[in-house]
Amino acid sequence: MPMNRRDFLRKIGVGAACAFAAATMPHAIAATRPNVVFIAVDDLRPELGAYGKTHMVTPHMDRLAREGRVFARHYVPAPSCGPSRYALLTGMYPTPAHPVTYHNSAFQMYEQSIGPLSLQQHFQNNGYHTTLIGKVSHTPDGYRGGQNIREDREQNPPEAPGWNVLDTPAGQWNDAWSAFFAYAFGETRTPGESPPVEMADVGDRGYPDAHLADAAIEHLVRRSAGEEPFFLAVGFYKPHLPFNAPQQYWDLYDRDAIDISDVDPYVRTGGEFFGNYGHEARDTEDDDYVRKLRHGYYAATSYVDAQIGRVLEAVDNLGLDENTIVVLWGDHGYHLGELGYWGKHTLHEYALRAPLIVRTPNMPHRGAATDALVSTVDIYPTLAELCGLSVPDHLDGTSFAPILEDPSAETVDRVFGGWNGGTQHTIRTDQYRLIQRNGDVQLYDHHQDPGERQCVADEHPGVRARLVEKLEAFVGRP
Ligand SMILES: [Ca+2]
């Protein structure tokens, strides 16, 4: 139930004098350009109520979907945090000409001073106040070392330029990397030993994402009283490994009812999943253990959903919703055992398809999803267009603003992806996915086989040749 601004400020403990000042100067009226609240979620599959997955308890993302536009076919350009987020913030596909961009070290392009004008820099240059909270670029606080220790910041500048403020609380975990791999009670991961899931009887602030939401709300209060339009990016950590969440979110699911029929238990691959965590000497041929792993992922998803809900509630209760664009973005998908893989580092649909939900003020056809193909590189030009900024020349993407007006519109007919230092590439069209890897070509027909279980490259030589040509033109571009 929405409340008025003054009551909301009182509820969250903003003092009366400050509340009065803020209440008399609502930003939504002062600004002519829309604000942007960008919410990044780490390793979030499109396994949400909003994506038709009714077994999931994700009421807040589902509400955003009802009020905005769900992109059912949004693809990331690389199946890992660093390159995907680099593509987001530069509006550029990773490129073989700079293979570092196909690794988690992508942000080193800025260290080498060859990174282009970043999304947030473009907004900053156009009078926006820009804030980073949490994992928006690759490290969990946006600083190169990811340490979030004030004394280190001279040695560790931001990974990417253009933030007025970086403000990531680390809570009882003391530094951002420890918070990123948090276990309850201030504990953090011991690589190769800590379990991949944890259920602790703690409140929401027993894990870091609630602290990130607190910081985001605090900044929304502050910015809503300011004169400038703002670009606030908050990057939540869950459901990234370890799949940890307070018990109340585990209790939302009946483990025995969790469907694992699409898990292929006969292979156990996934370097991050099996290399960085201890697995109780049990393996993924054990159905109970597989259900426990999925249960953890679902609990962590519902936990982050609740924190996202708190941020959305603040946007609305502060009266910002009438002049604020909200974007919810997943940095890539995830295999939870499908195709015999646990993790994200493949070029399959499971790894490259990720959530994207956009809500704009005055959006027509609210709640209508779109099947149009879009890529993460399209977000930069879209936000620039919506906010009346110029569209820089270096961008690879195409604005999908027309799809926000009309969910049946289409803006591109193909999207691309790559991985592993630029040695593997993929092209996705309306019907097909083609993957090229070490001279091997795989082709999947999504009209027949949405799970990409049956390679049909030999059955469709014409399609194969046409897509290889398009893909090689993409890979070979300057
Ligand atoms: Ca990620």
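Note that the structure is a prediction, hence the values are computed from the model and not measured.

About the thresholds
Residues numbered from 1 in each chain as written. Predicted model: local features only at pLDDT ≥ 70, side-chain atom pairs only at ≥ 80, totals over all residues. Heavy atoms only, no water. Donors = N, O, S within 2.8 Å, 3.2 Å for Na, K, Ca; no water. Tetrahedral: all angles 85-135°; square planar, octahedral: opposite > 155°, others 65-115°. Helix = DSSP H or I, 4+ residues; strand = E, 2+ residues; numbered from the N terminus. Buried < 20%, exposed > 50% of the residue type's maximum accessible area, 1.4 Å probe, protein only. Pairing = 2+ DSSP bridges. Axes fitted to C-alpha atoms, helices over the stretch in contact; angles between N-to-C directions. Contact = heavy atoms within 4.5 Å. Domains from an automatic or database assignment. Buried area = accessible area lost by both parts, 1.4 Å probe. Salt bridge = Lys/Arg side-chain N within 4 Å of Asp/Glu carboxyl O.

Digging into the coordination of the calcium ion
No. 1: Protein-derived coordination of the calcium ion comes from Asp42 (OD), Asp43 (OD), Cys81 (SG), Asp331 (OD), Asp331 (OD) and His332 (NE2), at a distance range of 2.2 to 2.8 Å.
No. 2: Here the calcium ion is ringed by 6 donor atoms whose angles at the metal span 51 to 159°, and the overall shape comes out irregular.
No. 3: Taken in sequence order, the residues that donate to the calcium ion follow the motif D-D-x37-C-x249-D-H. Taken together, the residues span a long stretch of sequence, with Asp43 in the loop between strand S1 (35-42) and helix H4 (59-67) and Asp331 in the loop between strand S8 (324-330) and strand S9 (335-336) at a distance of 288 residues.
No. 4: For Asp43, a relative accessible area of 0% translates into the label buried.

Structural notes on the sheet that holds strand S14 (residues 424-429)
The strands making up a sheet associate through backbone hydrogen bonding, with each pair oriented either parallel or antiparallel.
No. 1: Read across the sheet, 4 strands follow the order S13-S14-S15-S16 without closing on themselves; strand pairing throughout is antiparallel. Where the open sheet ends on each side, the last strands, each with one partner, are strand S13 (414-419) and strand S16 (440-445). Going from strand to strand, the sheet's axes swing by 15° on average, the running direction of each strand aside.
No. 2: In this structure, S14 lies alongside strand S15 (residues 432-437), joined through 5 bridges in antiparallel fashion. The partner of Arg428 across the bridge, within S15, is Arg433.
No. 3: Seen against the sheet, helix H16 (residues 461-475) touches S13, S14, S15 and S16 and runs at an angle of roughly 60° to S15.

A word on the domain arrangement of the chain
No. 1: Considered domain by domain, the chain is made up of domain 1 (33-414) and domain 2 (431-478).
No. 2: Here the C-alpha centroids of domain 1 and domain 2 sit 28 Å apart.
No. 3: With 16 residues of domain 1 at the contact, the number on the domain 2 side is 12 residues.
No. 4: Interface area, domain 1 with domain 2, both sides summed: about 1100 Å², of which 47% is carbon and sulfur.
No. 5: Three residues stand out in domain 1 for area buried against domain 2, namely Leu347, His348 and Glu349, and they jointly supply 36% of the buried area on that side.
No. 6: For the pair domain 1 and domain 2, the number of links is 3 salt bridges.
No. 7: Residue Arg433 is joined to Glu349 by a salt bridge in which the shortest nitrogen-to-oxygen separation is 2.8 Å.

A closer look at the sheet that holds strand S6 (residues 230-239)
No. 1: The strand order S4-S3-S6-S1-S8-S11-S2-S12 describes an open sheet built from 8 strands, whose pairing is mixed. Edge positions in the sheet fall to strand S4 (165-166) and strand S12 (370-375), since each has one partner strand and no second.
No. 2: Taken together, the 2 bridges between strand S3 (residues 129-134) and S4 define a ladder with parallel strand orientation. Its bridge partner lying in S4, Thr131 is registered against Val165.
No. 3: The strands touched by helix H9 (residues 208-224) are S1, S3, S4 and S6; relative to S6, the strand with the most contacts, the crossing angle is about 170°.
No. 4: On the sheet, helix H12 (residues 287-317) packs against S1, S6, S8 and strand S11 (356-359) and is oriented at approximately 160° with respect to S6.

Considerations on the pattern of salt bridges
No. 1: Going through the model one piece at a time under the given rule, you end up with 26 salt bridges.
No. 2: Of the charged contacts in the structure, one is a salt bridge between Arg10 and Asp7, with a shortest N-O distance of 3.6 Å. Residue Arg10 and its partner Asp7 are both found in helix H1 (residues 5-11); the two are separated by 3 residues, about one turn of the helix.
No. 3: Judged by its relative accessible area of 35%, Asp7 is partly exposed.

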